[in-house]
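So you can see what is in the structure, the chains are spelled out below.
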Amino acid sequence: GKFQDSARRSLRYMLTATPGATINNRKTQNLTSKKPVTVTGITFTANGLMAPSKGILDHATQYFDALGNKLRLKEKIDKHDINVFDGYRGALSIAGPAARSSSERVRALYNRSIRLGNKAYAAAAQQGAIPPRKPLRHAGAARANGGNATNAAT
C-alpha cells in the first residue's frame, strides 16, 4: 500500500538525520504504482517484495549457460570465468538471501549456481587457475544435516 504522509515525513527525517546520508530531490520519488518498479538492479513489487531485476536474472542465466557449455566441452576455465561467475552468484542476493527469495527464478538460479560453481571451481583448480575451494553448499544444508553450521563444521 501507499505510505501515509506522516510515514514519508518520518522516513525523510530519519534519512536527513543520519550522518553522511543525503536525499537528492531530483532523483527521489514516491512509488505508488501497482506495477513493479526496478531501481539499481532491484525490482520492488506493490506488495513490498524485492528481487534482483529481470535484466540481472537474464544475464546470470546466460552466463551460467555459457559456463555450463564450457564445462561440458572440457574447455579451460580461467580466473576471469570464476570471477564473473562469483559476481553473478552474488547478484542473486542483491535483494536478500537468494535461498529464501520470494522469486522462484532466483531460488532456482541459486540452486543451479551451487552445482555449477562446484564443477567450475573443481575444473579451474585442477587446471591451476585458482587455488582449491571449499564446496558451495545450500544455505539450509547445515540445518538439514542436524545441528547448526558451527556443529556441522566440527
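Above this text you will find the structure in question.
Small disclaimer: the values here were computed from a predicted structure and weren't measured.

A. Geometry of the packing of aromatic side chains. By the definition in use, this model includes three aromatic pairs. Each ring, one from phenylalanine 64 and one from phenylalanine 85, has its centre 5.4 Å from the other, and the planes form 40°; the classification is tilted. Of this pair, phenylalanine 64 sits in helix α2 (residues 54–72) while phenylalanine 85 is found in helix α3 (residues 79–91), placing the two residues 21 residues apart along the sequence. Taking the centre distance of 5.9 Å and the plane angle of 85° together, the rings of phenylalanine 85 and tyrosine 121 count as edge-to-face. With phenylalanine 85 in helix α3 and tyrosine 121 in helix α4 (residues 104–126), this pair connects stretches of sequence that are 36 residues apart. Of the two residues, phenylalanine 85 and tyrosine 121, neither departs from the other in class, the shared state being buried. Among the aromatic residues, those joined into a ring-pair cluster are Phe64, Phe85 and Tyr121.

B. Seen up close, α2. Helix length check: α2, at 19 residues, gives a terminal C-alpha distance of 27 Å against a target of 27 Å (1.5 Å per residue), a fit within 8%. Listed as buried for α2 are Ile56, Leu57, Ala60, Tyr63, Phe64, Leu67, Gly68 and Leu71. Here the buried residues of α2 occupy an arc of 140° about the axis, which is enough to place them on one side. Facing away from the buried side of α2, by more than 90 degrees, are the exposed residues Lys54, Gln62 and Arg72. The inward-facing, buried residues of α2 contact β3 (50–52), α3 and α4. At the C-terminal side of α2, lysine 74 shows a positive phi close to 55°.

C. How the structure looks around the nonpolar core. Core analysis: the biggest nonpolar cluster contains 23 residues, and Phe64, Leu67, Ile77, Ile82, Phe85 and Leu92 have the highest contact counts within it. When contributions to this core are tallied by element, the ones reaching two or more residues are α2, α3 and α4. Looking at this core element by element, the count peaks at nine residues for α4. In contact with isoleucine 77, not counting residues within four places along its chain, are Leu67, Lys70, Leu71, Ile82, Ala120, Ala123, Ala124, Gln127 and Ala129.

D. Local environment of the sheet that holds strand β1 (residues 37–39). Taken in spatial order, the three strands line up as β1-β2-β3 in an open sheet, and their pairing is antiparallel. Each of the sheet's edge strands pairs with one partner strand only, and the pair in question is β1 and β3. For this sheet, the mean angle separating the axes of adjacent strands, direction not counted, is 30°. Of the pairings in the sheet, the one linking strand β2 (residues 42–44) to β3 comprises three bridges and is antiparallel in character. Each residue of the ladder has a partner; that of isoleucine 42, found in β3, is proline 52.

E. The arrangement of the pattern of salt bridges in detail. A complete count under the given rule lists five salt bridges for this structure. The salt bridge partner of arginine 133 is aspartate 86, with a shortest N-O separation of 3.0 Å. Of the two residues, arginine 133 sits in the loop between α4 and α5 (141–144) while aspartate 86 sits in helix α3, which places them 47 residues apart along the sequence. Here the salt bridges share partners, and the residues they tie into one network are Lys54, Asp58 and Arg105.

Rules used throughout
- Residues numbered from 1 in each chain as written.
- Predicted model: local features only at pLDDT ≥ 70, side-chain atom pairs only at ≥ 80, totals over all residues.
- Heavy atoms only, no water.
- Phe/Tyr/Trp six-rings, centres within 6.5 Å; stacked < 30°, edge-to-face > 60°.
- Helix = DSSP H or I, 4+ residues; strand = E, 2+ residues; numbered from the N terminus.
- Buried < 20%, exposed > 50% of the residue type's maximum accessible area, 1.4 Å probe, protein only.
- Expected span 1.5 Å × (residues − 1).
- Arc of directions from axis to C-beta.
- Contact = heavy atoms within 4.5 Å.
- Core = buried A, V, L, I, M, F, W, Y, C linked by side-chain atoms within 4.5 Å.
- Pairing = 2+ DSSP bridges.
- Axes fitted to C-alpha atoms, helices over the stretch in contact; angles between N-to-C directions.
- Salt bridge = Lys/Arg side-chain N within 4 Å of Asp/Glu carboxyl O.

Note that every value here comes from positions in space, so none of it alone points to a role or purpose.
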